[in-house]
Amino acid sequence: MSPQVPRRREPGSVRARATGRPGAAARTPHTIRLGSPKPRLRLVSVALTLVMLAFVVRLLQVQAVDASAYSAKASENRFASYTLAAERGEITDRKGVALATSVDAYDITADPKMFTPQESKAPDAPEQAAALLAPILGKDAKEIAGRLATKNTRYVVLARRQTPQVWNQIKDLQKVFADKAAADRKNNGPGANVLAGVFKEDSSKRVYPNGDLAAGILGYVNADGKGGGGLESALDKKLAGKDGELTYAQSGGRRVPTAGSSEKPAVPGDDIELTIDRDIQWAAQSAISEQVEKSGADRGYVIVQDTRTGEVLAMANAPGFDPNDLSKARSTAMGNAALQDVYEPGSTAKVMSMAAVLEEKKATPQTHVEVPNRLHRGDRLFKDDIDHPTWYLTLNGVLAKSSNIGTILATGQLGSTQTEANKVLYSYLNKFGIGQPTGLNYPGESRGILARPEDWSTSQQYTIPFGQGLSLNAMQAASVYSTIANDGVRIEPTLVRGTKGPDGRFTPAKAPGQTRVVSKETAKTLAQMLESVVDDQEGTGTKARIPGYRVGGKTGTSNRVDPATGRYKGYTASFAGFAPADNPRITVYCAIQNPTKGSYFGGQICGPIYKKVMEFALKTLQVAPTGTAPAGLPVTYDAAPPPAPQPAPRTGPQPAQ
């Protein structure tokens, strides 16, 4: 029986499954069908469409709706701007010598982000950096640390207008810390550098080459680079110029050199040329400073003025201050006392009373004035500075011997009544500039005090003629004598000759105003009378004599109002005059407040200052010596009337009676 060989199933054939039932037919196989992809594709397409639509909407919003805002924000983050400080103009004397100038300096700045723990690799970087920078910058360490820790900014200013030496110290420290950080990183350390975020910006610093010389005139510049006093403040707009601006691309706090930048150049300020002569200013300041210290006085001032032009050649104050170092300056010395102090001038004001009497033709220099030891007027008894028997003085002698009583008697002739005389005197005081601005337009200048005549008290009616009961400043007092020296024409004083712009073109200052106060004849007569004060042996100003020159001047010693109490306490000593008296060129005025050592008389302590400063000014300006003799007006007169001439004995027949 041969073995059965199984049938080979043909590929693709289907074998019938035995059912156990004979004759049963084979079952038809089940067919598997794939699902349709279209719904899924639709869903994905919709989702992608929505996503793309969201992107398109957002893109439209960014590029169309909010484009300008996003552009500005991008530029703000990408571009940085800082101010290009304009160079401040110089202030020079009349010869071009610098009195105030600007030198290169740096503003020390910082990027606070670079002091965070992440950037600096030090948890207390602001404090460490502040401890290092404070002694160099002269600032408080806590203040610096606070600025370095400022949030939401990448720029803070630590100190302005520092010298190159200051920046060099910081730069040397930065190198030390940078080297130390590099070595630390090699040893797998954090490599902390707490000074990496300190930078510099070019700036300028105000410098006064002559220290305290003319500081009262110049003033000073404050920490923000603005004029803080004096001419620096009054002329700040001209001196400051116009700042520029530099805008550049930056990244990480650093400038990108390959990116574009825009620059608006700064416009330098104008240079200011003053009327001051540095050498004469030095002579005046040295003389008044020495005398104030020697006299134990509160302060003093000297003014030198060109009588022909009104230009102020010197205006010195003592004590003064050094504008290079305001930390050592006393607040009471930081102004310009020669323009800001007001005080009762005393006898130097008598020249205005005499001018009124002469101009109104109420008397001549030879008019006799009998001066008693006491004079009763109103509710007071008036006296001179010394007790004396009855003086028999000429009007010239009243001025030479500075008699209060004689001045009261002379000015009483200005009107038929005292009220009328007061009005006439007031009109002359006003024309001389008392109670009026000087014309300098100086910040803080005082115009003095001169009440209207109807408001004069009973005593003022008689004290104002000899310089008590009215107040002025030193410039006004000097201007009175310059007016007489200038043939009776008052020229407003000036401190500025002109300006020089960035283009180098010089623009002269506006011509000062002029006012005729008294006639030329009266002015010449007054000049001769003022010579008697200095030249005559009985005059009070003999210490002001200058060999080779005719000098006209007047002493003053007045009761002083104490600014602390408002009561009379101490004295104001003064001297005013001009030279050469026959052809005036220069006026010098000196006043010292509250001298407490030695003499307090103006002729004794201010006369020598006048002489010293006037001699120096005459030589500096090369003024030729006087070539004529003084007028020699009489000071006194003989009180006893000369005997009447006796007729000669008659002989021969007498005429019929």
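Structure: see above.
Residues numbered from 1 in each chain as written. Predicted model: local features only at pLDDT ≥ 70, side-chain atom pairs only at ≥ 80, totals over all residues. Heavy atoms only, no water.

Participant: I would appreciate a short explanation of the overall build of the chain in the present structure.
Facilitator: Scanning the chain for helices and strands turns up 20 helices and 24 strands. Buried positions account for 45% of the 657 residues belonging to the chain. Restricting the contact set of the chain to residue pairs at least 6 apart, pairs at least 24 apart contribute 72%. (Helix = DSSP H or I, 4+ residues; strand = E, 2+ residues; numbered from the N terminus. Buried < 20%, exposed > 50% of the residue type's maximum accessible area, 1.4 Å probe, protein only. Contact = heavy atoms within 4.5 Å.)

Participant: Help me understand helix α4 (residues 125-137) in this model?
Facilitator: Three or four residues apart is the spacing at which side chains of an α-helix point the same way, because the helix has 3.6 residues per turn. Here α4 is 13 residues long and its end C-alpha atoms lie 18 Å apart, about the 18 Å a rise of 1.5 Å per residue gives. In α4, a bend of some 30° at Ala-131 exceeds every other bend along the element, and Pro-135, a proline, comes one to four places later. Among the residues of α4, those classed as buried are Ala-125, Pro-126, Ala-129, Ala-130, Leu-133, Ala-134, Ile-136 and Leu-137. The inward-facing, buried residues of α4 abut β3 (98-110), α3 (117-120), α5 (141-148), β4 (156-162), α6 (164-186) and β5 (198-207). A positive phi of about 70° marks Gly-138, the residue just after α4. (Expected span 1.5 Å × (residues − 1). Bend = angle between axes of the 7 residues up to and from the residue.)

Participant: I keep staring at the nonpolar core and nothing clicks. Help me out?
Facilitator: Burial of nonpolar side chains together is a common tendency in soluble globular proteins. In terms of nonpolar packing, the biggest core is built from 87 residues, with Leu-274 and Met-315 touching the most fellow members. Counting residues per element, this core draws most heavily on helix α17 (residues 474-485), at eight residues. In this view, Met-315 contacts Ile-217, Ile-276, Gln-281, Val-302, Ile-303, Asn-336, Ala-338, Leu-339, Leu-440 and Met-475; residues no more than four positions away in its chain are not counted. By size, the runner-up hydrophobic cluster in this structure holds 33 residues, among which are Cys-590, Tyr-610, Met-614 and Leu-618. (Core = buried A, V, L, I, M, F, W, Y, C linked by side-chain atoms within 4.5 Å.)

Participant: Which parts of the structure should I look at to understand the packing of helix α12 (residues 350-359) against helix α14 (residues 404-411)?
Facilitator: When two helices pack together, their arrangement is given by the angle between the helix axes and by the axis-to-axis distance. The geometry of α12 relative to α14 is characterised by a closest axis approach of 10 Å and an angle of 30° between their N-to-C directions. Classified by the angle their axes make, α12 and α14 are roughly parallel. Seen along the crossing, α12 lies across α14 with a hand that is left-handed. Along its contact with α12, which presents Lys-350, Ser-353, Met-354 and Val-357, the element α14 presents Asn-404, Thr-407, Ala-410 and Thr-411. Split by residue class, the contact of α12 with α14 holds three nonpolar, four polar and one charged. (Axes fitted to C-alpha atoms, helices over the stretch in contact; angles between N-to-C directions. Parallel < 35°, antiparallel > 145°, perpendicular 65-115°, else oblique. Left-handed = near helix turned anticlockwise from the far one by under 90°. Nonpolar A, V, L, I, M, F, W, Y, C, P; charged D, E, K, R; others polar.)

Participant: What's the story with empty space enclosed by the protein in this structure? I'm lost.
Facilitator: Here the idea is plain: a probe the size of a water molecule rolls over the atoms and shows the empty space left. The final tally for this structure, using the stated rule, is three cavities of 30 Å³ or more. The volume enclosed by the largest cavity comes to roughly 60 Å³. In this structure, the largest cavity is lined by 14 residues; those nearest its centre are Asp-212, Ala-215, Gly-216, Asn-317 and Gly-320. Element by element, the count of residues in the lining of the largest cavity is highest for strand β13 (residues 312-318), at three residues. The residue inventory of the lining of the largest cavity, partitioned by class, reads seven nonpolar, six polar and one charged. (1 Å grid on protein atoms, 1.4 Å probe; cavity = no way out; pocket = protein on both sides within 12 Å on 5 of 7 lines; lining within 4 Å. Points joined across faces, edges and corners; volume = space filled by probe spheres on them.)

Participant: Looking at this structure, I do not really get the packing of aromatic side chains. What am I missing?
Facilitator: How two aromatic rings sit relative to each other is given by the distance of their centres and the angle of their planes. If you walk through the whole model with that rule in mind, you get nine aromatic pairs. Ring centres 5.7 Å apart and planes at 80° place the aromatic pair Tyr-392 and Tyr-637 in the edge-to-face group. Residue Tyr-392 is located in strand β17 (residues 391-394), and its partner Tyr-637 is located in the segment after α20 (607-620); the two are separated by 245 residues in the primary sequence. Of the residues examined, Tyr-392 reaches a relative accessible area of 30% and is grouped as partly exposed. With a centroid separation of 4.8 Å and 55° between ring planes, the pair formed by Phe-575 and Tyr-610 is classed as tilted. With Phe-575 in strand β23 (residues 568-579) and Tyr-610 in helix α20, this residue pair connects regions lying 35 residues apart in the sequence. (Phe/Tyr/Trp six-rings, centres within 6.5 Å; stacked < 30°, edge-to-face > 60°.)

Participant: Looking at this structure, I do not really get the packing of α4 against α5. What am I missing?
Facilitator: Packing of α4 against α5 leaves a shortest axis separation of 8 Å and a crossing angle of 130°. The orientation of α4 with respect to α5, classified from their angle, is oblique. Handedness of the crossing formed by α4 with α5: right-handed. Packed against α4, whose contacting residues are Pro-126, Glu-127, Ala-129, Ala-130, Leu-133, Ala-134 and Leu-137, the element α5 presents Ala-141, Ile-144, Ala-145 and Leu-148 at the interface. In the contact of α4 with α5, the residues fall into 10 nonpolar, no polar and one charged.

Participant: What is the right way to look at the sheet that holds strand β24 (residues 586-593) in this model?
Facilitator: Within a sheet, neighbouring strands are paired by backbone hydrogen bonds and run either parallel or antiparallel to one another. Strand order in the open sheet made by the five strands is β13-β12-β24-β23-β22, with antiparallel pairing throughout. With one partner strand each, in any of the chains shown, β13 and β22 (552-561) form the two edges of the open sheet. Strand-to-strand twist in this sheet, taken as the mean axis angle between neighbours without regard to direction, amounts to 10°. Note that strand β12 (residues 299-306) and β13 share six bridges and pair antiparallel. The residue bridging Gly-300 from the neighbouring strand is Ala-318, located in β13. Here α17 sits on the sheet in contact with β12, β13, β22, β23 and β24, set at roughly 30° to β12. (Pairing = 2+ DSSP bridges.)

Participant: What is the right way to look at the side chain of Ser-558 in this model?
Facilitator: Assignment of secondary structure puts Ser-558 in strand β22. Here Ser-558 falls in the buried class, since its relative accessible area comes to 0%. At 2.7 Å, the side chain of Ser-558 and the backbone oxygen of Glu-344 are in polar contact. Ser-558 has contacts with Glu-344, Pro-345, Gly-346, Gln-468, Gly-570, Tyr-571 and Thr-572, leaving out every residue within four places of it along the chain. (Polar contact = N/O pair within 3.5 Å; in protein donor to acceptor, adjacent residues only side chain to side chain.)

Participant: Quick question: what am I supposed to make of the pairing of β22 here?
Facilitator: Burial analysis of β22 places seven of its 10 residues in the buried class, which makes it a mostly covered element. Across nine bridges, the pairing between β22 and β23 is antiparallel. By the bridge assignment for β23, Gly-553 is matched with Gly-577. Between β22 and β23, which pair antiparallel one after the other, the connecting turn spans six residues, and Gly-566 there sits at a positive phi close to 75°.

Participant: I would appreciate a short explanation of the environment of Arg-278 in the present structure.
Facilitator: On the secondary structure map, Arg-278 appears in helix α10 (residues 278-295). Along the primary structure Arg-278 and Arg-94 are separated by 184 residues, whereas in three dimensions their C-alpha atoms are 8.0 Å apart. Here Arg-278 is in contact with Asp-93, Val-97, Leu-99, Asn-210 and Leu-213, once residues within four sequence places are set aside.

Participant: Even after reading the chapter, I still don't get helix α18 (residues 520-535), so can you show me in this structure?
Facilitator: Compared with the 22 Å implied by 1.5 Å per residue over 16 residues, the 22 Å span of α18 between its first and last C-alpha is a close match. Within α18, burial applies to Thr-522, Ala-523, Thr-525, Leu-526, Ala-527, Met-529, Leu-530, Glu-531, Ser-532, Val-533 and Val-534.

Participant: Can you walk me through the pattern of salt bridges in this structure?
Facilitator: One side chain can pair with another of opposite charge once the charged atoms of both are near each other. With the rule as written, the count across this model stands at 22 salt bridges. A salt bridge links Arg-206 to Glu-232, with the nearest nitrogen and oxygen atoms 2.9 Å apart. Remark: Glu-232 occurs in helix α8 (residues 230-234) and Arg-206 occurs in strand β5; sequence separation between them is 26 residues. Take Glu-232: its relative accessible area is 0%, and that puts it in the buried class. (Salt bridge = Lys/Arg side-chain N within 4 Å of Asp/Glu carboxyl O.)

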